[in-house]
Amino acid sequence: MSAPAVTEKKEKISVPFDYNKYLRPNKLPHIWCPGCGHGIVLKAMLRAIHNAGLDQDKVCVVSGIGCSSRTPGYVDFNTLHTLHGRALSFATGIKFAKPDMKVIVVTGDGDALAIGGNHFIHTCRRNIDLTVLVFTNATYGMTGGQYSPTTPIGSQATTSRYGSIEPPFDACEMAKAAGATFVARGTAYHTLELEKTILEAINHKGTSVVDIIDACPTYFGRMNKYKSATHMMEVIEKDGTVNVKQADKLPPEKVQGKALRGVLHKVERPEYCEQYESLIMEKAKGK
Amino acid sequence: MSEKKKKLLQGNEACVEGAIYAGCKFYAGYPITPSTEIAEGMSVRLPKVGGKFIQMEDEIAGMAATIGGSLAGFKSLTATSGPGFSLKQEALGYACLAEIPCVIVNVMRGGPSTGYPTGPSQSDIMQAKWGTHGDHPAISVTPAYVQEILTETVRAFNLSEKYRTPVVVLYDEIVGHMREPITIPAPGELEVIDRAKPDCKPEEYFPYDDRYLIAPLAPFGSGYRFHVTGLNHKQDGFPTNDSKVIRENNERIMRKIEDNKEDIWKNEEIFLDDAEIAVFAIGSTARSARFAVEKMRAEGIKAGLLRPLTIWPFPDKAVRELSKRVKAIIVPEMNLGQMVLEVERCSKGAEVLGIHRVDGEPINPGQIIEAIKKFK
Ligand SMILES: Cc1ncc(C[n+]2csc(CCOP(=O)(O)OP(=O)(O)O)c2C)c(N)n1
Ligand code: SF4
């Protein structure tokens, strides 16, 4: 039996949004735990795709392996669930072979920054037109709560029972340093802001990275003594972040130690597929 | 007017010619000796024919992007050697299960590990079959001449497109770097097969439609929206825990090769009709073997050669039949005993003797002659 139709009207969005147009309702229910942030990100992604006015047949959603990487199965596009860490490489193949497609990569923090760290860096360096949504929940959800490259020092995980001693990565700083031309951060708590940020990322030509802080209440939450999923969202996503536009106006002590949200870096630089077509293919023709 | 062109080419260059002839339009890889000339050649040739070349950050990415290129609808190639072939294995298994056609060239060098990068070897024969985890289908072709690298690369693409599966082109460094005069076939001279594409309505399309042994594969972006995963899946491409479906699918991907072995196999037989002693060899070793066998014939010794151009699926039928007619089968190979185990498995009656060498030197005809003479 297929799941009930999901529809919703929101005042801020002028057109009623039909989720069923973009979901695969017969593939629901999803695998995510109650309180998991991944579903909220999925919602923001779908609304952004809709608002970008993209043709479903020309959208490709690619993921690696992890709880977050199950997203493609639920959405009605050309969808590819690949190998742990390799989503960006598969996506690069598709985008480069068929540049008229809009390729969106959904990946966990472990998927993107640990096993896939090398591909992350080089994707940003090439500035190939991929929209990369990193679901940063500071844990390996799928394998049961081991520490990830974004786990804060001192945190509990099933592989850091004495507290994690590894300094975490800042995905945005890394993306920027590696050459990504659009870098932003959002959270599952700030849903409307997230939707807008993803839309901006989709509309950007080049590698766009959105680091999305979301919660894994099942593992990270329970092991680190958060009372509930909402408590986690409040502490980590709401109180633990500040919008970059407000940050300048606030006294330093209100910004210190908080992750910045919003568009953190945006520059124009030639996009990889276009460069290949205009420089290499043109030159090769004459030879 | 004939459009045939004579060229003096290196094996790896012939591989590039073969790929272009077959209609390859996408290459993603990472350079490694002794296969690098393939990447270099493809980087020059592909953009001229409207294709794409990308040098990835490692072999894992190269294999993954190659699969991506194929899913986008283009015939895709990657080439590597030794350590690079090891790195590609996980994604190669993905292509087996997800049934994405693509061609992987492995120019064999000395191993294990970094081993002997510039030395020839045939020690990846088993890896070409068993390199990735899990039971999976394997097709691997083994050219021995520069001309044959071209034609076997075309055949590899054909098999890959026809059976919707990755195909490994396996040859040793000697053949890869050897130069020989070859003929570039005229367009239309060699058969070129393209994968079956669906013609049903998009809403009726299943990427693993169980009405077929090998279902048509729609390119991404062509209006057929479907899901691909490396998880065990149903005919619609979505993951499943249904043990019946898992079993059927795992068996089907093996069966599509098993049931078509006659089509996939290809052997060259030299002096086998009345042979009493046979040699079974591939690649440059088969060239030594041919020389040895001809020498033996000149001396009146009834030796013959069975040279498989398809090593996987293993030519069990040919070996079994041969083993009933000859006293002995000699298996020279540049490894410590891989093909010889398969030959032993398939032999019914004949004695099997391996000749093995892992010092970076080719197996010379003298070694094979010595072995043949033991059985005369
Ligand atoms: C090569 C490989 N190594 C390890 C695994 C096991 N594994 C599956 S998902 C995962 C971590 C997922 O964490 P993350 O990417 O952060 O996503 P999340 O589940 O938290 O959403 C691991 C280690 C695997 N599938 N493949
Ligand atoms: S384990 Fe964590 S990340 Fe995975 S679905 Fe549950 S809450 Fe989400």
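Every value quoted in this text rests on a predicted model; they were computed, and no experiment measured them.

Calculation rules
Residues numbered from 1 in each chain as written. Chains lettered and ligands numbered in written order. Predicted model: local features only at pLDDT ≥ 70, side-chain atom pairs only at ≥ 80, totals over all residues. Heavy atoms only, no water. Core = buried A, V, L, I, M, F, W, Y, C linked by side-chain atoms within 4.5 Å. Buried < 20%, exposed > 50% of the residue type's maximum accessible area, 1.4 Å probe, protein only. Domains from an automatic or database assignment. Contact = heavy atoms within 4.5 Å. Near = heavy atom within 4 Å. Polar contact = N/O pair within 3.5 Å; in protein donor to acceptor, adjacent residues only side chain to side chain. Helix = DSSP H or I, 4+ residues; strand = E, 2+ residues; numbered from the N terminus. Buried area = accessible area lost by both parts, 1.4 Å probe. Salt bridge = Lys/Arg side-chain N within 4 Å of Asp/Glu carboxyl O. Nonpolar A, V, L, I, M, F, W, Y, C, P; charged D, E, K, R; others polar. Pairing = 2+ DSSP bridges. pLDDT = per-residue confidence, 0-100. Axes fitted to C-alpha atoms, helices over the stretch in contact; angles between N-to-C directions. Parallel < 35°, antiparallel > 145°, perpendicular 65-115°, else oblique. Left-handed = near helix turned anticlockwise from the far one by under 90°.

Take the nonpolar core next. Counting 129 residues, the largest nonpolar core has A:Val62, A:Phe120, B:Ile38, B:Met42, B:Leu77, B:Val228 and B:Phe280 as the members making the most contacts within it. Formed jointly, this core draws a minimum of three residues from each of two domains, domain 1 (5-184) and domain 2 (267-373) of chain B. Setting aside anything within four residues of it in sequence, one finds A:Val62 in contact with A:Pro72, A:Leu80, A:Thr82, A:Ala87, A:Phe90, A:Ala91, A:Ile94, A:Val103, A:Ile104, A:Val105 and A:Val106. Membership of the second largest hydrophobic core comes to 31 residues, among which are A:Phe77, A:Ile104, A:Val106 and A:Leu194.

Close contacts around ligand 1 come from 18 residues, with A:Cys67, A:Ser68, A:Asp109, A:Asp111 and A:Gly141 the closest. Nearby residues around ligand 1 are contributed by chains A and B. Within the backbone of A:Cys67, a nitrogen or oxygen atom sits 2.8 Å from an oxygen atom of ligand 1. Interatomic distance of 3.0 Å between a backbone N/O atom of A:Thr139 and an oxygen atom of ligand 1.

In terms of burial, helix H3 (residues 87-97) of chain A is a largely internal element, 11 of the 11 residues being buried. For H3(A), every residue scored as buried is listed here: A:Ala87, A:Leu88, A:Ser89, A:Phe90, A:Ala91, A:Thr92, A:Gly93, A:Ile94, A:Lys95, A:Phe96 and A:Ala97.

All names here are of chain B. For chain B, the assigned domains are domain 1 (5-184) and domain 2 (267-373). Computed over C-alpha atoms only, the centres of domain 1 and domain 2 are separated by 26 Å. When domain 1 packs against domain 2, close to 2100 Å² is buried across both sides, 57% of that on carbon and sulfur atoms. Remark: the boundary between domain 1 and domain 2 carries 2 salt bridges. Of the charged contacts, one joins Arg307 and Glu148 as a salt bridge, the two residues approaching to 2.6 Å between their closest N and O atoms. Seen at the junction of domain 1 and domain 2, the total is 18 residue pairs in polar contact (both at pLDDT 80 or more). At the level of elements, strand S6 (116-120), helix H5 (125-130), strand S7 (139-141), helix H6 (146-163), strand S8 (166-172) and helix H7 (173-177) are the ones that each hand at least two residues to the side of domain 1 that touches domain 2.

In this section: the pattern of salt bridges. Residue and element names in this part refer to chain B. Inspection of every chain in the model, using the stated rule, returns 44 salt bridges over all chains. Glu268 is the partner of Arg290 in a salt bridge, and the nearest nitrogen-oxygen pair spans 3.7 Å. Taken together, the residues span a long stretch of sequence, with Arg290 in helix H10 (residues 283-298) and Glu268 in strand S11 (residues 267-270) at a distance of 22 residues. Judged by its relative accessible area of 23%, Glu268 falls in the partly exposed class. Residues joined in a network through salt bridges with shared partners are Glu148, Glu268, Arg290, Glu294 and Arg307.

Another aspect to go through is the site of ligand 2. Residues and elements named next belong to chain A. Every residue lining ligand 2 is accounted for by Trp32, Cys33, Cys36, His38, Cys67, Asn137, Gly141, Cys216, Pro217, Thr218 and Tyr219. Considering each element in turn, the shell around ligand 2 owes the most residues, 3 residues, to helix H8 (residues 217-223). Here the residues of the shell around ligand 2 sort into 7 nonpolar, 4 polar and no charged.

The subject of this paragraph is the pairing of strand S12 (residues 259-266) of chain A. Here 4 bridges tie strand S9 (residues 182-187) of chain A to S12(A), and the two strands are oriented antiparallel to one another. When the sheet's bridge partners are listed, A:Ala184 is paired in S12(A) with A:Val263.

Time to look at the confidence of the model for chain A. Residues and elements named next belong to chain A. Taken as a whole, chain A shows an average pLDDT of 95; of its residues, 95% reach a score of 70 or greater. For chain A, the element scoring lowest by mean pLDDT is strand S1 (residues 7-8), at 49; H3 scores highest, at 99. Of the regions scoring below 50 in pLDDT, residues 7-11 engages in 10 contacts with residues more than four places distant in sequence or in other chains.

Turning our attention to the packing of helix H11 (residues 316-325) of chain B against helix H12 (residues 339-346) of chain B. Residue and element names in this part refer to chain B. In contact at an axis separation of 8 Å, H11 and H12 are set at 60° when each is read in the N-to-C sense. In this view, H11 runs oblique relative to H12, as classed from their interaxial angle. Relative to H12, H11 is oriented so that their crossing is right-handed. Across from Asp316, Val319, Arg320 and Ser323 in H11, the residues of H12 making contact are Val343, Arg345 and Cys346. The class makeup of the residues in the contact of H11 with H12 is 3 nonpolar, 1 polar and 3 charged.

Here we come to the environment of B:Glu40. Residue and element names in this part refer to chain B. With respect to the helices and strands, the residue Glu40 is situated in helix H2 (residues 36-45). Using a relative accessible area of 47% as the deciding quantity, one classes Glu40 as partly exposed. Distance in space between the C-alpha atoms of Glu40 and Gln55 is 9.8 Å, their sequence separation being 15 residues.

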